[in-house]
Amino acid sequence: MVVDAAGADVSRLRELNSLSIVRAMRGQPPATVTELAGRTGLSRPGTDVVVRGLVTDGWVKVVEPDGSTVGRPARRYRFNADAGHVFGVDIGAHKILVLLSNLEGEVLRSRRLPVDPDADPAERLAVLDAALTDCLTEAGLEPGQIWAITVGVTGPVDASGRTSLFTPLPGWASVSPADHLAARFGCPISVENDCKLAAVAERWQGAAQDADDIVYLQAGMRIGAGLIIDGTLRRGFGGAAGEIGALKTLRWLTAPSRLENCPGMPADVHPNDKAAWVFERAREGDRDALTTLRRYAKDLAVGTAALVLTLDPQVVVLGGGYSRSADLIIDPLLQELERLCLRVPEVRASNLGADGVALGALRIALDQIDAQLFADGMPAPLTT
């Protein structure tokens, strides 16, 4: 935005032009004042004044010449992505994953700690606190240097940030992660469903970066979905958009038991390893394992088809723990979708591994900062 209207408040004019230059620098390589003036439409002298002020305030850094050019090179500037930091958190049944990034979304630290699936809320929150502390300590940061936090949890999230409708985490329906973290962090804190955050991550850095209409399937020990339509994450009125698995006739609730009860499975296989045993046997051509996978894919396809027929997405992304064996699931899933759907979208495997939920949380936290920054104006000068 370029503001030069007569009579405009000078301080507001400077602030708006500062925002315009910051926008032009975000996610871009270092640029000269002339280049920034061209991007924003500001005059070169005006751009120079604003950039110098942004350097003083800590929003912009000078990039020193590397000696590769002859003569005196033009001074170049870059956005100071380390001016602030955000946390993306995944609170799962078996682990807590925390990612720390700068304002450009570059992951600087990560911490993954195990947690007992049967842990009570106090135990799970203690593990969360430990993971956050580890990241802060390793990065040399204080809680006040965190600008936003987004937390991913299992189950639909209501307006209060709680999973009051359903959650498999013991005692978690009454827990408010935002209230817990607010005692330590003074920044905006949001809570979102894990499948929805994974969908955001796929569009940001994953298998659906070219798509605006996406159905994300979490295929693992439970099945869930996240929906992005017209580039926007759909939460629904009560936060339960995509929770189609609650409809028992669609068989998502019982589909994982297919893999747990595969014929021929030894009795001593640990419950957490049963699916891996089936995938391994299927790769070896075991008939029972292949039949079990086809039945699992058929169950998965019923709910997927309902979403596809309702939303007509460009892409379906297969994520979750079973996505590591997507090559065994996608073909039978597609065969069923072709039988059930009017138009079958492309089905792709996630490439984000176990980090998808936390990455999506980072993206939402960064979006919060952008919305606040460009709506309310530049904060006070930073400490550098």
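These numbers come from a predicted model, not from an experiment.

### Topic: the side chain of asparagine 80
Mapped onto the secondary structure, asparagine 80 falls in the loop between strand S3 (76-79) and strand S4 (85-91). Residue classification places asparagine 80 among the buried positions, given a relative accessible area of 4%. Look past the residues within four positions of asparagine 80 in its chain and what remains in contact with it is Gly58, Trp59, Val60 and Lys61.

### Some remarks on the packing of aromatic side chains
Tallied over the entire structure, the rule returns five aromatic pairs. Judged by centre distance (5.5 Å) and plane angle (75°), the rings of phenylalanine 279 and tyrosine 322 are edge-to-face. Linking phenylalanine 279 in helix H8 (residues 274-283) with tyrosine 322 in the loop between strand S12 (315-319) and helix H10 (326-340), this pair joins segments that are 43 residues apart in sequence. Taken individually, phenylalanine 279 and tyrosine 322 each receive the classification buried, so the pair is uniform in this respect. Taking the centre distance of 5.8 Å and the plane angle of 65° together, the rings of tyrosine 296 and tyrosine 322 count as edge-to-face. Here tyrosine 296 is found in helix H9 (residues 287-311), whereas its partner tyrosine 322 is found in the loop between S12 and H10, with 26 residues between them in sequence. Residue classification places tyrosine 322 among the buried residues on the basis of a relative accessible area of 8%. Lying over the aromatic face of tryptophan 204, arginine 363 brings its terminal NZ or CZ to 5.0 Å of the ring centre.

### Some words on the pairing of S3
Residues Tyr77 and Phe79 line the buried face of S3, whereas the alternating positions Arg76 and Arg78 sit on a face that is not buried. Both strand S1 (residues 31-32) and S3 contribute to a ladder of two bridges, which runs antiparallel. Each residue of the ladder has a partner; that of threonine 32, found in S3, is arginine 76. Sheet topology places strand S2 (residues 60-63) next to S3; four bridges connect them, and they run antiparallel.

### Some points on the pattern of salt bridges
Taken as a whole and assessed by the stated rule, the structure comprises 20 salt bridges. The salt bridge partner of arginine 26 is glutamate 104, with a shortest N-O separation of 3.7 Å. Residue arginine 26 is located in the loop between helix H1 (10-25) and S1, and its partner glutamate 104 is located in the loop between strand S5 (95-102) and strand S6 (107-114); the two are separated by 78 residues in the primary sequence. Under the relative-accessibility criterion, glutamate 104 is labelled partly exposed at 33%. Taking the shortest distance from any N to any O, the salt bridge between arginine 162 and aspartate 179 comes out at 3.7 Å. Of the two residues, arginine 162 is situated in the loop between strand S7 (146-153) and helix H5 (177-182) and aspartate 179 in helix H5; the sequence distance between them amounts to 17 residues. Salt bridges linked by common partners bring Arg26, Glu104 and Asp370 together as one network.

### Considering a negative patch on the surface
Side chains of Asp116, Asp118, Asp120 and Glu123 sit close together on the surface and give a patch of like negative charge. For glutamate 123, a relative accessible area of 44% gives the class partly exposed.

### Details of H8
Residues of H8 that are buried: Ala275, Trp277, Val278, Phe279 and Ala282. On the buried face of H8, the contacting elements are helix H7 (255-260), H9 and H10. Following H8 by one or two positions, glycine 285 has its phi on the positive side, about 90°.

### A closer look at the packing of H9 against H10
Taken N-terminus to C-terminus, the directions of H9 and H10 make an angle of 50°; their axes are 8 Å apart at the nearest point. One finds that H9 runs oblique with respect to H10. Crossing angle aside, the handedness with which H9 passes H10 is right-handed. Each of Leu293, Arg294, Tyr296, Ala297, Lys298, Leu300, Ala301, Val302, Thr304, Ala305 and Leu309 in H9 lies in contact with H10, whose residues at this interface are Leu328, Ile329, Pro332, Leu333, Glu336, Leu337, Arg339 and Leu340. In terms of residue class, the contact of H9 with H10 is made up of 14 nonpolar, one polar and four charged.

### A short note on the sheet that holds S2
Reading across from one edge, S1-S3-S2 is the order of the three strands in this open sheet, with antiparallel pairing throughout. Each edge of the open sheet carries a strand with a single partner, namely S1 and S2.

Cut-offs applied
Residues numbered from 1 in each chain as written. Predicted model: local features only at pLDDT ≥ 70, side-chain atom pairs only at ≥ 80, totals over all residues. Heavy atoms only, no water. Helix = DSSP H or I, 4+ residues; strand = E, 2+ residues; numbered from the N terminus. Buried < 20%, exposed > 50% of the residue type's maximum accessible area, 1.4 Å probe, protein only. Contact = heavy atoms within 4.5 Å. Phe/Tyr/Trp six-rings, centres within 6.5 Å; stacked < 30°, edge-to-face > 60°. Lys NZ or Arg CZ within 6 Å of the ring centre and 35° of its normal. Pairing = 2+ DSSP bridges. Salt bridge = Lys/Arg side-chain N within 4 Å of Asp/Glu carboxyl O. Patch = residues over 30% accessible without salt bridge, like charges linked within 9 Å, V, L, I, M, F, W, Y side chains within 5 Å. Areas by Shrake-Rupley, 256 points an atom, 1.4 Å probe, with all protein chains shown as cover. Lys, Arg positive; Asp, Glu negative; His and termini not counted. Charge placed at Lys NZ, Arg CZ, Asp CG, Glu CD. Axes fitted to C-alpha atoms, helices over the stretch in contact; angles between N-to-C directions. Parallel < 35°, antiparallel > 145°, perpendicular 65-115°, else oblique. Left-handed = near helix turned anticlockwise from the far one by under 90°. Nonpolar A, V, L, I, M, F, W, Y, C, P; charged D, E, K, R; others polar.

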